[in-house]
Amino acid sequence: MSSSDIFIGETIGTAVLILLGGGVCAAVTLKRSKARNAGWLAITFGWGFAVLTGAYLAGGVSGAHLNPAVTIGLAIEGGTKWGDVPVYLGSQLLGAMIGAVLVWLTYYGQFRAHLTDPEIVGTRTGEDGMVDQAAAPAAGPVLGIFSTGPEIRHAAQNLVTEIIATVVLVLAILTQGLNNDGDGLGTLGALITSLVVVGIGLSLGGPTGYAINPVRDLGPRIVHALLPLPNKGGSDWGYAWIPIVGPLAGGAIAGGLYNVAFA
């Protein structure tokens with residue numbers, strides 16, 4: 001596949017992945033959303049369907065990596081050329097940012113209603129009605145729609161959690177999910193992968209929110225920092241390295257483990 005195929009497929013596929021995945025988080029979180037408080041099951045299945053949709057859209061064009069951890073794992077395994085890796089990673093990050101902007105546009109009214117509600121931000125507002133940034137926590141009230149965060153902030157545990165969850169994901173793809181060329185997801189593999197993502201969310205997602213994908217976290221976190229959201233609070237950049245390093249390490253470990261144990 002050409003560089004343009006990779007760019008187009010990964011940008012569109014990752015954008016749809018984040019639109020639907022971030023969309024379910026917005027639906028469950030925001031006031032004036034019909035799905036508010038639908039819970040963790042809605043989020044895990046929503047992300048699984050998001051992976052399925054993005055993978056089917058991009059599978060025939062770019063192989064539907066949609067995740068730098070998958071790209072690194074495939075490069076180590078040998079199915080993806082190392083020279084193609086920068087194109088994959090760049091287009092995935094761009095797609096993730098586009099998807100996050102689309103979530104904001106889709107839920108524009110709900111974002112404004114949520115972030116101007118005294119019950120949500122009233123305890124941290126100043127005389128001008130805006131959040132007192134000095135008193136605001138590192139993670140703002142809608143950051144969870146865009147990116148992940150730990151329930152218990154412990155860097156080592158959080159990092160290990162992301163590594164373990166990503167090893168499960170990438171190993172499942174390498175052993176069950178590849179197309180006939182071995183360079184991306186096949187038709188049945190996309191379905192298997194989406195179910196694995198649901199399983200990871202249900203079983204391993206509790207501690208950190210299971211990023212298992214660096215651009216799924218980084219791209220929307222950048223968008224959160226840039227969007228003109230009232231009273232949005234912080235973007236928690238102190239935590240941001242964990243959902244980048246953890247999944248990349250997990251993808252690399254899975255690729256190496258596959259070569260040792262399964263190849």
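Up top is the structure.
Computed from a predicted structure; not experimentally measured.

A. Here's a closer look at the overall build of the chain. Scanning the chain from terminus to terminus reveals eleven helices and zero strands. Beginning at the N terminus, the succession of helices and strands in the chain can be written as α-α-α-α-α-α-α-α-α-α-α. For the chain, whose C-alpha radius of gyration is 18 Å, the value lies close to the compact-globule estimate of 18 Å for 263 residues. By its C-alpha atoms, the chain is 65 × 35 × 30 Å across when sized along the principal axes. The 263 residues of the chain split such that 53% are buried. Carbon and sulfur atoms provide 65% of the accessible area of the chain, an area that totals close to 11,000 Å². One finds the centroid of the 11 positive side-chain charges in the chain at a distance of 10 Å from the centroid of its 15 negative side-chain charges.

B. Just the pattern of salt bridges, in detail. Taken as a whole and judged by the stated rule, the model has four salt bridges. Residue Glu119 pairs with Lys31 through a salt bridge whose shortest N-O separation is 2.9 Å. With Glu119 in helix α6 (residues 118-121) and Lys31 in the loop between α1 (3-29) and α2 (40-62), this residue pair connects regions lying 88 residues apart in the sequence. A residue is classified by how much of its surface remains accessible, and Glu119, at 68% relative accessible area, is exposed. According to the relative accessible area criterion, Lys31 is buried, its value standing at 17%. Where Asp217 meets Arg221, a salt bridge forms, and the shortest distance between an N and an O atom there is 2.7 Å. With Asp217 and Arg221 both in helix α10 (residues 214-226), this residue pair falls four residues apart, about one helical turn. For Asp217, a relative accessible area of 1% translates into the label buried. Overall, the relative accessible area of 0% leaves Arg221 in the buried class.

C. Molecular detail of unusual backbone geometry. Phi is positive for Asn231, which is not a glycine, with a value near 55°. Take Asn231: it is sitting in the loop between α10 and α11 (242-261). A positive phi is found at Asp236, a non-glycine position, where the angle reads about 55°.

D. Examining α11 more closely. The terminal C-alpha atoms of α11, which comprises 20 residues, lie 27 Å apart, in line with the 28 Å expected from a rise of 1.5 Å per residue. Here α11 has its buried residues at Ile242, Pro243, Gly246, Pro247, Gly250, Gly251, Ala254, Gly255 and Tyr258. Buried positions along α11 lie against α3 (68-77), α8 (155-177) and α10.

E. Looking closely at the packing of aromatic side chains. A full pass over the atoms with the stated rule returns five aromatic pairs. Between the aromatic rings of Tyr258 and Phe262, the centroid separation amounts to 5.9 Å while the plane-to-plane angle is 20°, which identifies the pairing as stacked.

Criteria and thresholds
- Residues numbered from 1 in each chain as written.
- Predicted model: local features only at pLDDT ≥ 70, side-chain atom pairs only at ≥ 80, totals over all residues.
- Heavy atoms only, no water.
- Helix = DSSP H or I, 4+ residues; strand = E, 2+ residues; numbered from the N terminus.
- Rg over C-alpha atoms; globule rule 2.2 N^0.38 Å.
- Buried < 20%, exposed > 50% of the residue type's maximum accessible area, 1.4 Å probe, protein only.
- Areas by Shrake-Rupley, 256 points an atom, 1.4 Å probe, with all protein chains shown as cover.
- Lys, Arg positive; Asp, Glu negative; His and termini not counted.
- Charge placed at Lys NZ, Arg CZ, Asp CG, Glu CD.
- Salt bridge = Lys/Arg side-chain N within 4 Å of Asp/Glu carboxyl O.
- Expected span 1.5 Å × (residues − 1).
- Contact = heavy atoms within 4.5 Å.
- Phe/Tyr/Trp six-rings, centres within 6.5 Å; stacked < 30°, edge-to-face > 60°.

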